[in-house]
Amino acid sequence: MTACEACDRLISHCRQVACQKRRAYADQDYWGRPVPNFGSTRASLLIVGLAPGAHGANRTGRMFTGDRSGDWLFRALCKSGFANQQESTCTSDGLRLSDCAITAVCHCAPPDNRPTADEIHRCQPFLDETINLIRPQVFLALGGLAWKSVARYAIHQQWLAGSQPSFSHGSVVELKIPRRRKRCWLVGSYHPSQQNTFTGRLTEQMLDDVFVKTRNLIRDP
Ligand code: SF4
């Protein structure tokens with residue numbers, strides 16, 4: 001997947017950002033290509049984000065690592081026992097996830113953090129592959145686009161009947177996955193983007209509450 005070049009616009013953006021760099025990271029080598037999943041393939045929790053940040057994961061090569069969104073996410077993950085530490089600065093920072101994995105609907109950093117519908121569609125096979133491989137008990141969708149992508153897959157697999165369930169922060173939908181001993185769930189959360197955290201649309205308490213809910217669903221489905 002890290003060698004995929006299916007989206008011309010995104011690949012050239014990732015490379016361009018990696019060449020130009022932000023002044024604060026001028027001495028660093030940027031990753032500058034599709035960012036792989038992070039975490040265990042046996043995780044109970046699969047977090048689905050939108051796309052790597054230009055100077056975050058596109059720089060460090062690890063999902064949500066090295067930017068403000070990641071600071072919020074890993075702080076919440078650490079508090080809820082899904083990560084061993086809050087700090088996430090680079091791939092050698094000692095961060096380990098516990099029973100959790102992180103992916104995104106689009107594996108390349110898009111201009112203005114906005115992948116097009118076509119780009120998300122082109123990247124969907126990687127999400128499908130990730131879901132098939134990990135088979136998590138809980139999907140946590142960060143934002144409406146991640147929610148739609150997981151729900152689309154779930155409807156296609158007949159884990160969900162009818163039309164797309166509506167997304168809101170804290171919404172929970174049961175997925176009827178055949179031959180699973182434990183009940184499975186799709187949980188929604190606002191994305192911890194600066195657009196949401198700076199405006200107060202998403203507070204730290206709101207994000208913590210989603211992880212408490214998620215933890216409870218895994219413990220007592
Ligand atoms: S967004 Fe996905 S499909 Fe498009 S180039 Fe990146 S890895 Fe490939």
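Residues numbered from 1 in each chain as written. Predicted model: local features only at pLDDT ≥ 70, side-chain atom pairs only at ≥ 80, totals over all residues. Heavy atoms only, no water.

## Quick word on the packing of helix H3 (residues 68–79) against helix H7 (residues 204–219)
Phase 1 of the analysis: At a minimum axis separation of 9 Å, H3 and H7 run at an interaxial angle of 45 degrees. Classified by the angle between their axes, H3 and H7 sit oblique to one another. The interaxial crossing formed by H3 with H7 has right-handed handedness. Mapping the contact onto sequence places Trp72, Leu73, Arg75, Ala76, Leu77 and Lys79 in H3 and Glu204, Leu207, Asp208 and Phe211 in H7.
Phase 2 of the analysis: Residues of the contact of H3 with H7, tallied by class, amount to six nonpolar, no polar and four charged. (Axes fitted to C-alpha atoms, helices over the stretch in contact; angles between N-to-C directions. Helix = DSSP H or I, 4+ residues; strand = E, 2+ residues; numbered from the N terminus. Parallel < 35°, antiparallel > 145°, perpendicular 65-115°, else oblique. Left-handed = near helix turned anticlockwise from the far one by under 90°. Contact = heavy atoms within 4.5 Å. Nonpolar A, V, L, I, M, F, W, Y, C, P; charged D, E, K, R; others polar.)

## Considerations on the nonpolar core
Phase 1 of the analysis: Ranked by internal contacts, the top residues of the largest apolar core, which has 32 residues, are Val105, Phe139, Trp159, Leu175 and Leu186.
Phase 2 of the analysis: Secondary structure elements with two or more residues in this core: helix H1 (8–20), strand E2 (45–49), helix H4 (117–134), strand E4 (138–142), helix H5 (144–156), strand E5 (172–175) and strand E6 (184–189).
Phase 3 of the analysis: Tallying contributions element by element places H5 first for this core, with six residues.
Phase 4 of the analysis: Beyond its immediate stretch of four places on either side in the chain, Leu175 contacts Phe139, Ala154, Trp159, Leu160, Cys184, Trp185 and Leu186.
Phase 5 of the analysis: Ranked by size, the runner-up nonpolar core spans 31 residues in total, among them Ile102, Leu140, Leu207 and Ile218. (Core = buried A, V, L, I, M, F, W, Y, C linked by side-chain atoms within 4.5 Å. Buried < 20%, exposed > 50% of the residue type's maximum accessible area, 1.4 Å probe, protein only.)

## Focus on the sheet that holds strand E1 (residues 38–39)
Two orientations exist for strands paired in a sheet by backbone hydrogen bonds: parallel and antiparallel.
Phase 1 of the analysis: Strand order in the open sheet made by the six strands is E1-E3-E2-E4-E6-E5, with mixed pairing throughout. At either margin of the open sheet sits one strand with a lone partner, and together these are E1 and E5.
Phase 2 of the analysis: Packed onto the sheet, H4 meets E2, strand E3 (100–104) and E4 and runs at close to 170 degrees relative to E2.
Phase 3 of the analysis: Together, E2, E4, E5 and E6 form the strand contacts of H5, whose direction differs from that of E6 by roughly 160 degrees. (Pairing = 2+ DSSP bridges.)

## So, H3
Phase 1 of the analysis: For H3, which comprises twelve residues, the first-to-last C-alpha distance of 17 Å matches the rise-based estimate of 16 Å (1.5 Å per residue) to within 8%.
Phase 2 of the analysis: Listing the buried residues of H3 in full gives Ser69, Gly70, Trp72, Leu73, Phe74, Ala76 and Leu77.
Phase 3 of the analysis: Buried positions along H3 lie against E1, E2, E3, E4, helix H6 (194–197) and H7.
Phase 4 of the analysis: Two residues or fewer after H3 comes Gly81, characterised by a positive phi angle close to 85 degrees. (Expected span 1.5 Å × (residues − 1).)

## Comments concerning the packing of H4 against H5
Phase 1 of the analysis: At their nearest, the axes of H4 and H5 sit 11 Å apart, and the two run at 65 degrees to each other. As for how H4 packs across H5, the hand of that crossing is right-handed. The segment H4 lies against H5, with Ile120, Gln124, Leu127, Asp128, Ile131 and Asn132 engaging Leu145, Ser149, Arg152 and Tyr153.
Phase 2 of the analysis: Grouping the constituent residues of the contact of H4 with H5 by class yields five nonpolar, three polar and two charged.

## Considering the site of the ligand
Phase 1 of the analysis: The immediate surroundings of the ligand are formed by Cys4, Ala6, Cys7, Leu10, Ile11, Pro34, Cys106, His107, Cys108, Arg122, Cys123 and Phe126.
Phase 2 of the analysis: Among the cavities detected, the one that contains the ligand is the largest cavity.
Phase 3 of the analysis: At the level of elements, H1 and H4 are the ones that each hand at least two residues to the shell around the ligand.
Phase 4 of the analysis: Grouping the amino acids of the shell around the ligand by side-chain chemistry returns ten nonpolar, one polar and one charged. (Near = heavy atom within 4 Å. 1 Å grid on protein atoms, 1.4 Å probe; cavity = no way out; pocket = protein on both sides within 12 Å on 5 of 7 lines; lining within 4 Å. Sits in = over half its atoms within 2 Å of the grid points.)

## Looking at empty space enclosed by the protein
Phase 1 of the analysis: Scanning the model with the defined rule gives one cavity of 30 Å³ or more in all.
Phase 2 of the analysis: Of the pockets and cavities examined, the largest cavity occupies roughly 100 Å³.
Phase 3 of the analysis: Lining the largest cavity are 14 residues, with Cys4, Cys7, Cys108, Cys123 and Phe126 sitting closest to its centre.
Phase 4 of the analysis: Listed by contribution, the elements that provide at least two residues to the lining of the largest cavity are H1 and H4.
Phase 5 of the analysis: At four residues, H4 tops the list of elements feeding residues into the lining of the largest cavity.
Phase 6 of the analysis: The residue inventory of the lining of the largest cavity, partitioned by class, reads ten nonpolar, one polar and three charged. (Points joined across faces, edges and corners; volume = space filled by probe spheres on them.)

## A look at the layout of surface pockets
Empty space among the atoms becomes apparent when a probe as large as a water molecule is rolled across them.
Phase 1 of the analysis: Of the volumes computed, that of the largest pocket is approximately 910 Å³.
Phase 2 of the analysis: Those elements that place two or more of their residues in the lining of the largest pocket are H3, H5 and H6.
Phase 3 of the analysis: Tallied by class, residues from the lining of the largest pocket come to 14 nonpolar, 13 polar and seven charged.
Phase 4 of the analysis: The space that makes up the second largest pocket amounts to roughly 170 Å³.
Phase 5 of the analysis: Of all the secondary structure elements, the ones that give two or more residues to the lining of the second largest pocket are E1 and H4.
Phase 6 of the analysis: If one sorts the elements of the lining of the second largest pocket by residue count, H4 sits on top with five residues.
Phase 7 of the analysis: When its residues are assigned to classes, the lining of the second largest pocket shows six nonpolar, six polar and one charged.

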